[in-house]
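Spelled out, the chains give:
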Amino acid sequence: MLQEVQSPLRVTVMMDPAEARLGWIDLSVLVQSAEGTEVWLDAETEFLLHPPKGAVLPALDPFCGPNGEALSQARSGVNSPTRKYVATRAAATNRLLRAARIHLPVAGEWLLEVRVRRADARAQFQAPLSVLEPPLARTSVVGCLALPPLAIGLFMTHQGLRRRLMSSS
Amino acid sequence: MNSVFEAVLGSWNFAPLPLLSLFLGAAVYLRGWSRLHRQLPERFTSARCVSFLSGLTVVGFAVVSPLDAFANLLLQVHMVQHLLLTMVAPPLLLLGSPYLPILCGLPRVVTRDVLGPFLAAPELRRWGHRLTHPLFTGAVFVLSNLAWHHPVLYELALRSRGWHELEHLFFLGTALLFWFPVIQPWPSRPIWPRWAMIPYLLVADLQNTALGGFFSFYDHVLYPTYAAAPRVWSLTPLADQQAAGAIMWVPGSMAFLLPVVLIVVEVLSGPRGVRPSEVARRTRPRPQRIRALPSSDRAEAWDLLSVPRLGAVLRSAFTRRVVQTGLLLLAALVVWDGWWGTPISSLNFAGILPWMGWRGLLVIGLLVAGNVFCYSCPMMWVRDWGRRILPGRLTWPRALRSKWLAVVLLALFFWASEAFQWWDRPAATASLVVAYFVAAVLIDGLFKGASFCKYVCPIGQFNFAQSLVSPLEVKVKDAETCRSCTTHDCLKGNATQRGCELELFLPRKAGNLECTFCLDCVRACPQGNVGVLTVFPARDATEDRNRSSIGRYKRRPDWAVLVAVVAAAAWAGSAVMVAPVVQWLAALQGSWGLSDSWLPITLFYLVVGGVVLGGLALGGELSRRMQSGQRTSWREWTPEFVYAIAPIGLAVWVAHYGFHLLVGVPLIGPALGRLAWDTGVPLGTGLITLPLAWREGFPTVQLLILDAGYLLSLWMSWRIAQRKATERTRRLGIWAPWAGLWTLGYGAAFWIFLQPMQMRGLPGQAW
């Protein structure tokens with residue numbers, strides 16, 4: 001969680017999961033008055049993600065792409081390593097916040113830049129964002145691998161019980 | 001209304017998985033309850049149904065309402081959410097006496113064949129008895145409550161979605177156990193006398209009061225997340241914690257004390273000294289009444305055509321023509337764009353529609369329904385029209401009346417589409433589509449029946465082979481009705497409707513092989529005795545019987561090789577699109593000094609095909625050696641088992657082509673934009689983007705599909721092995737080589753789908 005007060009704005013940035021790893025993260029932002037007494041829903045927020053120095057970003061998304069962003073860049077001829085995301089209320093579950101789903105394609109020290117604008121008020125700040133390598137065994141992969149042995153075990157128990165039931169009857 | 005308040009009320013999270021689970025639970029309960037309500041109205045009252053559904057609603061409210069969205073900001077909101085999951089939902093669910101309604105609500109085959117042996121096992125009953133013993137349920141509830149409120153575990157749940165969901169599951173599960181002896185849902189038997197529930201509840205309340213008091217009076221913020229959370233309302237973290245403690249203490253205690261009062265009244269007003277055994281005798285279920293369900297409830301297969309309106313629409317020949325026309329227009333678009341559009345595959349409809357969209361929809365159709373593509377095949381529309389000029393009088397040559405020609409064509413198609421990168425050559429794709437139409441018209445224009453579909457069409461053969469795993473089948477509804485039939489309209493047709501062009505005689509048809517789902521037989525049968533019925537996927541291929549037009553599977557090596565080729569291509573096709581294989585092939589191409597990639601790809605296809613076919617041949621031999629007595633010939637033994645590769649093969653296809661579909665859909669927008677640019681029509685050039693959650697979760701879906709295919713393949717070969725040997729060890733010996741092969745295939749596919757995908761031919765991506 002990151003909080004910054006740049007009068008008259010108080011900006012709180014939250015991340016899910018709390019520890020950024022290679023792949024997708026949710027960034028949410030809550031914009032309040034500097035005293036924290038009022039929530040401002042109409043503040044526009046952008047996240048700019050600057051990749052680690054020297055990192056080579058894949059042109060495509062992890063699904064092989066090209067994602068909308070890659071295509072837009074190809075069409076406009078712009079090819080900046082910085083990735084820009086606009087936070088929206090629609091993307092946030094908690095509608096007091098604005099959120100964006102962000103893809104982090106390489107591990108390392110990223111720089112997160114937050115830009116908030118509400119009428120004439122502006123807030124802009126940066127914070128380092130450490131992106132770790134994914135865990136060796138992801139829960140979903142382990143779960144998928146564990147499913148067949150579990151099912152086979154259940155099936156064998158089932159067959160044994162069935163055989164016993166049939167022989168007893 | 002205040003906009004902030006409006007935002008709070010609008011913070012619902014309609015996550016599909018919990019909602020789907022709740023709806024499914026409600027549907028199963030309602031189905032079972034309505035049956036039982038008719039038989040035992042005094043036991044399964046409307047109040048029970050309302051109670052159960054209210055319980056599900058409370059669970060749903062706790063996990064999708066703004067309570068969940070604000071749980072990470074305010075501890076008191078989180079506390080309310082937990083109270084709903086532990087104090088409100090479980091008693092309501094148990095008051096619905098859910099055990100029998102859920103059992104009766106599940107499909108009969110699941111209750112009888114899958115759950116039956118477990119439910120009848122005395123060990124599991126004993127375990128059930130132990131799990132619902134008040135000593136255990138009380139202890140586990142209290143321990144779980146204390147453990148999850150410890151800052152270490154609570155913080156873990158606040159920081160990770162997975163742990164949070166696990167915490168909720170624990171709360172709900174242990175609370176269901178805790179409330180079980182208190183509610184004692186019928187037909188369970190009480191273990192302790194009724195009065196013992198009073199100290200049981202009071203002890204639990206003591207723990208709740210102590211914990212609530214601790215939250216209320218502790219002078220530090222317990223959980224760092226709440227200490228750091230932004231203050232949405234003017235409430236300090238400590239005040240928030242005190243409010244949470246008060247919620248736990250007061251309403252929480254009421255949830256324990258109210259049942260205590262009711263039980264006191266019950267005990268005082270009821271007959272004294274009622275022993276548990278007496279209570280059990282009085283409330284014992286009468287199973288013979290429950291088993292006596294009306295005969296209509298025993299129906300195992302469901303007919304898709306029996307659905308009002310939908311059935312009539314599907315049965316109509318006009319519907320088929322409309323669908324075929326739609327596909328014909330798309331085929332025309334593919335040809336036009338392929339020949340005259342900008343030749344960039346990912347921006348050309350000849351690249352997107354057939355190679356990304358259609359293939360994905362085709363395999364998903366096979367998985368969830370049946371051979372839906374052959375039903376909507378536009379080539380048959382053109383062929384029927386062409387028969388006005390070429391009426392098709394010749395008989396298909398006897399030497400070619402097998403699947404061998406189709407095997408060769410299919411293998412060539414799989415190889416050539418990769419080796420020559422047809423998917424990246426819109427003009428070649430367009431020419432292929434035209435050639436396909438011309439071949440269909442010519443062959444069926446010269447030969448009788450649907451010779452093209454039956455003996456030539458590679459797409460059709462692919463569909464036939466994979467529809468072994470489909471859950472729907474065109475078959476007769478009542479075999480007795482067919483016995484008295486003398487006209488055989490389903491095969492021969494009549495004055496108004498042609499019969500089966502693929503020579504399938506419905507009373508002897510079994511399985512989906514060679515069935516195009518054209519529904520001609522449905523329309524031809526004067527008794528209306530043919531339907532599209534649900535079947536257990538792949539079960540038919542485990543049975544040895546004589547099938548119309550096909551004969552016995554074990555005597556059809558051509559069919560077995562066809563199924564094996566389709567499966568081998570599944571692995572080869574998905575492997576050539578993952579980064580390590582792509583890099584390896586590129587290195588091979590570089591080291592050989594080749595300017596084109598067709599030779600390394602050819603080699604790769606030959607290796608994969610050889611490994612799969614060789615592995616199946618070897619598996620057949622090893623398995624055959626395990627027979628007792630006189631051994632069946634390898635030629636007759638192996639094909640039967642080879643069909644069991646179909647489920648895992650289809651799983652690999654669905655995981656692979658489903659990925660293409662997911663990637664292809666967002667390309668429709670840019671392709672339309674490109675078409676607009678080419679033609680000068682202002683269509684707009686917007687991008688279509690899929691919800692990211694869909695794409696993000698797809699790798700897990702791929703692996704789950706793979707799991708299902710692997711398990712189904714194991715099960716199929718087990719069923720065939722069961723038929724081959726009565727002795728258990730021998731049966732295991734027969735099955736083991738096949739299980740080993742499916743496991744190797746599963747491992748290879750699992751590795752493939754964990755790799756980053758490289759789809760060549762897309763903008764910005766070099767081969």
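Cut-offs used in this document
Residues numbered from 1 in each chain as written. Chains lettered and ligands numbered in written order. Predicted model: local features only at pLDDT ≥ 70, side-chain atom pairs only at ≥ 80, totals over all residues. Heavy atoms only, no water. Helix = DSSP H or I, 4+ residues; strand = E, 2+ residues; numbered from the N terminus. Buried < 20%, exposed > 50% of the residue type's maximum accessible area, 1.4 Å probe, protein only. Contact = heavy atoms within 4.5 Å. Areas by Shrake-Rupley, 256 points an atom, 1.4 Å probe, with all protein chains shown as cover. pLDDT = per-residue confidence, 0-100. Pairing = 2+ DSSP bridges. Axes fitted to C-alpha atoms, helices over the stretch in contact; angles between N-to-C directions. Domains from an automatic or database assignment. Expected span 1.5 Å × (residues − 1). Polar contact = N/O pair within 3.5 Å; in protein donor to acceptor, adjacent residues only side chain to side chain. Salt bridge = Lys/Arg side-chain N within 4 Å of Asp/Glu carboxyl O. Phe/Tyr/Trp six-rings, centres within 6.5 Å; stacked < 30°, edge-to-face > 60°. Lys NZ or Arg CZ within 6 Å of the ring centre and 35° of its normal.

Which parts of the structure should I look at to understand the overall build of chain A?
Within chain A, the regular secondary structure consists of 2 helices and 8 strands. With 169 residues in all, chain A has 42% of them scored as buried. Of all intrachain contacts in chain A linking residues separated by at least 6 positions in sequence, the fraction that spans at least 24 positions is 61%. Here chain A displays about 8,800 Å² of accessible surface, and carbon together with sulfur accounts for 56% of that area.

Looking at this model, I keep getting lost on the confidence of the model for chain A. Mind explaining?
Segments scoring low in pLDDT should not have their predicted coordinates read at a detailed level. Of the residues in chain A, 85% reach a pLDDT of 70 or more, and the chain-wide mean stands at 82. In this model, residues 60-78 of chain A is a region of pLDDT below 50 whose contacts with residues beyond four sequence positions or in other chains number 44 contacts.

Honestly, helix H25 (residues 458-466) of chain B in this entry has me stumped. Any pointers?
For H25 of chain B, the buried fraction is high: 9 of the 9 residues fall into the buried class. Pro458, Ile459, Gly460, Gln461, Phe462, Asn463, Phe464, Ala465 and Gln466 of chain B are the residues of H25 of chain B that are buried.

What is the right way to look at the sheet that holds strand S1 (residues 2-6) of chain A in this model?
Each strand in a sheet pairs with another by means of backbone hydrogen bonds, the pair being arranged parallel or else antiparallel. Residue and element names in this part refer to chain A. Across the sheet, 4 strands lie side by side as S1-S2-S3-S6; this open sheet has antiparallel pairing. Of all strands in the sheet, those bounded by a partner on one side alone are S1 and strand S6 (98-104). Neighbour to neighbour, the strand axes of the sheet diverge by 20 degrees on average, direction disregarded. Sheet topology note: the strand S2 (residues 9-16)/strand S3 (residues 23-33) ladder contains 8 bridges and is antiparallel. Following the sheet pairing, valine 13 is matched in S3 by valine 29.

For this particular structure, what's the right way to read unusual backbone geometry?
Backbone geometry follows two general trends: most residues other than glycine have a negative phi, and most peptide bonds adopt the trans configuration. Put simply, serine 7 of chain A and proline 8 of chain A share a cis peptide bond, and its omega is 10 degrees. Assignment of secondary structure puts proline 8 of chain A in the loop between S1 and S2. Omega for the bond connecting aspartate 16 of chain A with proline 17 of chain A falls within 30 degrees of zero, at 0 degrees, which places this linkage in the cis form. Inspection of the secondary structure puts proline 17 of chain A in the loop between S2 and S3. Residues other than glycine seldom take positive phi values, yet glutamine 184 of chain B does so here, at roughly 50 degrees. Locating glutamine 184 of chain B in the fold gives a position in the loop between helix H11 (161-183) and helix H12 (197-217).

When you look at the domain arrangement of chain B in this model, what are you seeing that I'm missing?
Where interface size is quoted, it is often the accessible area lost as the parts come together. Domain boundaries in chain B define domain 1 (3-280) and domain 2 (561-754). Placing a centre on the C-alpha atoms of domain 1 of chain B and another on those of domain 2 of chain B gives a separation of 44 Å.

Any chance you could explain helix H3 (residues 46-64) of chain B here in plain terms?
Each α-helix turn comprises 3.6 residues. Residues three or four places apart therefore point the same way. If you check H3 of chain B, its first and last C-alpha atoms are 27 Å apart, about what 19 residues at 1.5 Å a residue would give, namely 27 Å. The set of residues buried in H3 of chain B consists of Cys49, Ser51, Phe52, Gly55, Leu56, Val58, Val59, Gly60, Ala62 and Val64 of chain B.

What is the right way to look at the side chain of glutamine 184 of chain B in this model?
Reaching out from glutamine 184 of chain B, the side chain makes a polar contact with the side chain of serine 188 of chain B at a distance of 3.0 Å. Setting aside residues up to four positions removed in sequence, glutamine 184 of chain B forms contacts with Trp179, Arg189 and Pro190 of chain B.

What is the right way to read the confidence of the model for chain B from this model?
Residues and elements named next belong to chain B. Averaged over chain B, the pLDDT score is 88; the fraction of residues at 70 or greater is 92%. The secondary structure element of chain B with the lowest average pLDDT is helix H16 (residues 287-291), at 44, and the one with the highest is helix H29 (residues 557-575), at 96. Contacts for the low-pLDDT stretch residues 685-693, under 50 throughout, to residues beyond four places or in other chains number 18 contacts. Low pLDDT (under 50) marks residues 760-767, which in the prediction has 29 contacts with non-local residues, meaning those over four places away or in another chain.

What should I look at first to understand the pattern of salt bridges in this one?
When the charged atoms of two side chains with opposite charge come close together, those side chains can pair. Residues and elements named next belong to chain B. Under the criterion given, the structure shown has 38 salt bridges over all chains. Between arginine 545 and glutamate 543 there is a salt bridge, with its nearest N and O atoms 2.3 Å apart. Classification of arginine 545 as partly exposed rests on a relative accessible area of 35%. Ionic pairing is found between arginine 719 and glutamate 543, a salt bridge with its closest N-O pair at 3.4 Å. Placement of arginine 719 in helix H35 (residues 692-724) and of glutamate 543 in the loop between strand S2 (530-534) and H29 is noted, with a sequence separation of 176 residues between them. Judged by its relative accessible area of 25%, arginine 719 falls in the partly exposed class.

Would you take a moment to explain the side chain of histidine 656 of chain B for this structure?
Residue and element names in this part refer to chain B. Locating histidine 656 in the fold gives a position in helix H33 (residues 646-664). Judged by relative accessible area, which is 5%, histidine 656 ranks as buried. Among the polar contacts listed, one links the side chain of histidine 656 to the side chain of histidine 660, at a separation of 2.9 Å. In this view, histidine 656 contacts Gly573, Ser574, Met577 and Phe753; residues no more than four positions away in its chain are not counted.

What am I meant to see in the pairing of S2 of chain B here?
Walk down a regular strand and you will see the side chains alternate between the two sheet faces. Residue and element names in this part refer to chain B. Of all 5 residues in S2, 4 are buried, a share of seventy percent or more. Relative to S2, strand S1 (residues 472-476) runs antiparallel, the two being bridged by 5 bridges. Bridge pairing in S2 places leucine 472 opposite threonine 534.

Can you help me understand the packing of aromatic side chains in this one?
For any pair of aromatic rings, the description rests on two quantities: the centre-to-centre distance and the angle between the ring planes. According to the stated counting rule, one finds 41 aromatic pairs over all chains in the structure shown. Seen from their ring centres, tyrosine 223 of chain B and tyrosine 226 of chain B are 6.4 Å apart, and the 65 degrees between their planes marks the pair as edge-to-face. What makes tyrosine 223 of chain B buried here is its relative accessible area of 0%. On the basis of relative accessible area, tyrosine 226 of chain B is assigned to the buried category, the value being 1%. Taking 5.9 Å as the distance between ring centres and 85 degrees as the angle between the ring planes, the aromatic pair formed by tyrosine 436 of chain B and phenylalanine 452 of chain B counts as edge-to-face. Taken together, the residues tyrosine 436 of chain B in helix H23 (residues 426-446) and phenylalanine 452 of chain B in helix H24 (residues 451-456) connect sequence positions 16 residues apart. Just as tyrosine 436 of chain B is buried, phenylalanine 452 of chain B falls in that class too. In this structure, arginine 118 of chain A is placed above the aromatic ring of tryptophan 40 of chain A, and the distance from its NZ or CZ to the ring centre is 4.2 Å. We note arginine 547 of chain B situated over the ring of tyrosine 553 of chain B; from NZ or CZ to the ring centre the distance is 3.7 Å.

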